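# Overview (structure and organization)
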Amino acid sequence: MILGISGSGRINGITSKVIKKILENCNEETEFISLSGKKIGGCLGCTACAKDNICIIQDDFNEIANKMLKADKIIFGAPNYFGSLNAISHSFWERTYSFRHNEFLGLAGKLGVIISIGYTEVGTTSINEELKKFMSKYNFMSIIKEMFIEGYSQCYTCGFGLTCSLGNVIKDHGFISKIEPHHLPKPLEKQNQALFEIKKTTILLNNIKNS
């Protein structure tokens, strides 16, 4: 089973769309989960999970954790916030500490795909490195693919993009009187390179098997 998890706070944003597009052409059972709206706090370091590898914090993590343990392949996508993982994605992966006791290593050997989303590629490397640390170094997953996908700047929809000199609208186009369709960042459907990478990832997932 292939489990796709979006760490974005936007339930139908580009992160979710990318993962769903990969999953829709996979030739095995798939499931998609969005962390948007979920309650997932960070690890407390209490080590209560050492006895049975189950986190004692009562929130939405353990239900997803059970699905991760059953999956063969895990796709995780996260947005670039200040050149780093957003908070809920970081908290989510902190909690996988509960998979690592008494030589259990619940995610070991599972195949992983990392997707970072950002308005620019600046900061992407640090996101990928953070996710590789959580997935590969500490949970012993095998990363088979990493990709960067262009995201959507909130400056275009916040309501102040035309006048905010710190924002991406003015940075990209100067002072304009109106945001026209041609000013907007490309949606996923018009990002040819992204669509090509998505297709390659699906083919890879369909042809590679867990060790």
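Our subject is the structure that appears above.
Residues numbered from 1 in each chain as written. Predicted model: local features only at pLDDT ≥ 70, side-chain atom pairs only at ≥ 80, totals over all residues. Heavy atoms only, no water.

### A few points about the overall build of the protein
- For the protein, the count of helices and strands is six helices and six strands.
- Ordering the α and β elements of the protein from the N terminus gives β-α-β-α-β-β-α-β-α-β-α-α.
- Over its C-alpha trace the protein gives a radius of gyration of 18 Å, about what one expects of a compact globule, namely 17 Å for 211 residues.
- On the principal axes, the C-alpha backbone points of the protein span a range of 60 × 40 × 25 Å.
- Across the 211 residues of the protein, 45% fall into the buried class. (Helix = DSSP H or I, 4+ residues; strand = E, 2+ residues; numbered from the N terminus. Rg over C-alpha atoms; globule rule 2.2 N^0.38 Å. Buried < 20%, exposed > 50% of the residue type's maximum accessible area, 1.4 Å probe, protein only.)

### Notes on helix H4 (residues 124-138)
- With 15 residues, H4 should cover 21 Å at 1.5 Å per step; its first-to-last C-alpha distance of 20 Å lies within 8% of that length.
- Along its length, H4 shows its largest kink, about 35°, at Lys132.
- When H4 is considered as a whole, its buried residues turn out to be Thr124, Ile127, Asn128, Glu130, Leu131, Phe134 and Met135.
- On its buried side, H4 packs onto strand E3 (73-81), strand E4 (84-85), helix H3 (87-94), strand E5 (111-118) and strand E6 (142-150). (Expected span 1.5 Å × (residues − 1). Bend = angle between axes of the 7 residues up to and from the residue. Contact = heavy atoms within 4.5 Å.)

### A few points about the layout of surface pockets
- Its boundaries defined by the atoms lining it, the largest pocket holds a volume of some 780 Å³.
- Asn80, Tyr119, Tyr152, Ser153 and Gln154 are the residues nearest the centre of the largest pocket, which is lined by 30 residues in total.
- Counting only elements with at least two residues in the lining of the largest pocket, the list comes to helix H1 (14-23), E3, E5 and helix H5 (168-173).
- Class assignment for the residues of the lining of the largest pocket results in 10 nonpolar, 15 polar and five charged. (1 Å grid on protein atoms, 1.4 Å probe; cavity = no way out; pocket = protein on both sides within 12 Å on 5 of 7 lines; lining within 4 Å. Points joined across faces, edges and corners; volume = space filled by probe spheres on them. Nonpolar A, V, L, I, M, F, W, Y, C, P; charged D, E, K, R; others polar.)

### Describing unusual backbone geometry
- The phi dihedral of Asn102 is positive, around 50°, even though this residue is not glycine.
- The topology assignment puts Asn102 in the loop between H3 and E5.

### Focus on the nonpolar core
- Of all hydrophobic cores here, the largest spans 28 residues; its most connected members are Ile5, Met68, Phe76, Phe92, Trp93 and Leu131.
- Other than its neighbours up to four places away in sequence, Phe76 contacts Ile5, Gly7, Leu35, Ser89, Phe92, Trp93, Val113, Ile114, Ile115, Leu131 and Met135. (Core = buried A, V, L, I, M, F, W, Y, C linked by side-chain atoms within 4.5 Å.)

### Details of the state of the cysteines
- Applying the stated rule across the entire model yields zero disulfides.
- For the unlinked cysteine Cys164, the closest cysteine sulfur is that of Cys155, found at 6.4 Å. (Disulfide = S-S within 2.5 Å.)

### Description of helix H2 (residues 61-70)
- Those residues of H2 that fall on the buried side of the exposure criterion are Phe61, Asn62, Ile64, Ala65 and Met68. The buried residues of H2 all sit within an arc of 155° when viewed along its axis, so they share a single face. Relative to its buried face, H2 has exposed residues pointing more than 90 degrees away, namely Glu63 and Lys70.
- The inward-facing, buried residues of H2 contact strand E1 (2-6), strand E2 (30-34), E3 and H3. (Arc of directions from axis to C-beta.)

### Quick look at the environment of Tyr97
- In this structure, Tyr97 sits in the loop between H3 and E5.
- With a relative accessible area of 32%, Tyr97 lands in the partly exposed category.
- Sequence-wise, Tyr97 and Thr157 are 60 residues apart; in three dimensions their C-alpha atoms are separated by 38 Å.

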